[in-house]
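# Coordinate analysis (summary)
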Amino acid sequence: YERGDLLARWLLDLDEINKFIEMTGEQMPEMLLPMQLVCSTGMRRIQLVRLKPNDYVKGRLTITSKKGAREKGLSEISLTIELRDSVAKALREHIKGLPKRSKIMFPIFDEFDYTRGNERWKGKSKRTVEQRRGDKADRLFQKLVRGTDFERLDGYHALRHSFISILVAQGKTWDQIAAFVGHLDQKT
């Protein structure tokens, strides 16, 4: 395949990530900050929809994960990372604009209607709030990439893998990557 052929692969290089972010800002501005966070941290979709306004403090973001916590005897694992200045500034401004009692960082993921006759969601009304937010995040991602070169990406996880691949290309060790993205081993 040719280097720029997104249809033949599931990862983006740094230039393609920048194009993806630019396209997001043009096509769906309400998803720009969530996509910037995913692309610049490698966080999972579930971590994104769990974010609360108080997870951000002075340029640092605390991401919680349940994945791998049980093996360590914990209910969840917290990882605090320093954000790029541009992302930190945008996040700070976003939080200032949230309603005072907002419990989640991105209310856009809270608005999913299960009452319509959509077969895909039939019988799934007992999904947890976090699962429903994840469903909404997936739907927004699918809408964002529909009809673009990015349509073949495997959702948020492709962005996570792209981020990790860039870290590998930059010569980061597996231990450094694990510390940054919350991996326990190279398989997750």
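Quick caveat: nothing in here was measured; it's all calculated off a predicted structure. (Residues numbered from 1 in each chain as written. Predicted model: local features only at pLDDT ≥ 70, side-chain atom pairs only at ≥ 80, totals over all residues. Heavy atoms only, no water.)

### Looking at the nonpolar core
Our working definition: The criterion is simple. A nonpolar core is a set of buried Ala, Val, Leu, Ile, Met, Phe, Trp, Tyr and Cys residues joined through side-chain atoms within 4.5 Å. Any residue under 20% of the maximum accessible area for its type is buried, any over 50% is exposed, and the rest in between are partly exposed; the area is computed with a 1.4 Å probe on protein chains only. For the purposes of this entry, the term helix denotes a DSSP run of H or I that reaches at least four residues, the term strand denotes a run of E that reaches at least two, and both are numbered from the N terminus. By the convention used here, residues are in contact when the closest approach between their heavy atoms is within 4.5 Å.
In terms of nonpolar packing, the biggest core is built from 39 residues, with Phe-20, Met-35, Leu-37, Leu-61, Phe-106 and Phe-109 touching the most fellow members. When residues of this core are traced back to their parent elements, those giving at least two are helix H1 (14-27), helix H2 (32-41), helix H3 (45-50), strand E2 (60-65), helix H4 (85-96), helix H5 (129-145) and helix H6 (155-169). Sequence-distant contacts of Phe-20, defined by excluding residues within four places in its chain, comprise Leu-12, Met-35, Cys-39, Phe-141, Leu-144, Val-145, Phe-150 and Leu-159. Residues Phe-163, Ile-164, Leu-167 and Val-181 belong to the second largest nonpolar core, which totals five residues.

### Considerations on the packing of H2 against H4
To keep it simple, the criterion reads: Helix axes use the C-alpha atoms of the stretch in contact, all axes being lines fitted to C-alpha atoms, and the angles between their N-to-C directions lie in the range 0 to 180 degrees. Crossing handedness is read from the near helix: turned anticlockwise from the far helix by less than a right angle, it gives a left-handed crossing, and turned clockwise, a right-handed one. Note that Gly is not counted as nonpolar here; it falls among the polar residues with everything else outside the nonpolar set of Ala, Val, Leu, Ile, Met, Phe, Trp, Tyr, Cys and Pro and the charged set of Asp, Glu, Lys and Arg.
Orientation of H2 relative to H4, taken along the N-to-C sense of each, is 145 degrees, at an axis distance of 10 Å. In this structure, H2 meets H4 at a crossing whose hand is left-handed. Residues Leu-33, Gln-36, Leu-37 and Ser-40 of H2 form the contact with H4, whose participating residues are Val-87, Ala-90, Leu-91 and His-94. When grouped by side-chain class, the residues that make up the contact of H2 with H4 number five nonpolar, three polar and no charged.

### Quick word on the side chain of Thr-41
Heads up, the condition is: Identification of polar contacts relies on pairs of N or O atoms within 3.5 Å, with a donor-acceptor requirement for protein atoms, meaning one able to donate a hydrogen and the other able to accept it, and with residues adjacent in sequence counted only if both atoms are side-chain atoms.
Tracing the sequence through the fold places Thr-41 in helix H2. Owing to a relative accessible area of 2%, Thr-41 belongs among the buried residues under this scheme. At a separation of 2.6 Å, a polar atom in the side chain of Thr-41 contacts the main-chain carbonyl oxygen of Leu-37. At 3.2 Å, the side chain of Thr-41 and the backbone nitrogen of Met-43 are in polar contact. Not counting the four nearest positions on each side in its chain, Thr-41 is found in contact with Ile-81, Leu-83, Phe-163, Phe-180 and Val-181.

### Description of the pattern of salt bridges
The test is simple: By salt bridge we mean one thing: a side-chain nitrogen of Lys or Arg within 4 Å of a carboxyl oxygen of Asp or Glu.
A full pass over the atoms with the stated rule returns five salt bridges. For Glu-82, the salt bridge is made with Arg-60, and the minimal N-O distance between the two is 3.4 Å. Of this pair, Glu-82 sits in strand E3 (residues 77-82) while Arg-60 sits in strand E2, and the two are 22 residues apart along the sequence. Accessibility expressed as a relative area gives 41% for Arg-60, which makes it partly exposed. Notably, a salt bridge pairs Arg-133 with Asp-110, separated by 2.7 Å at the nearest N-O pair. Pair noted here: Arg-133 is in helix H5 and Asp-110 is in the loop between H4 and H5, with a separation of 23 residues, a long-range link. Since its relative accessible area comes to 42%, Asp-110 is described here as partly exposed.

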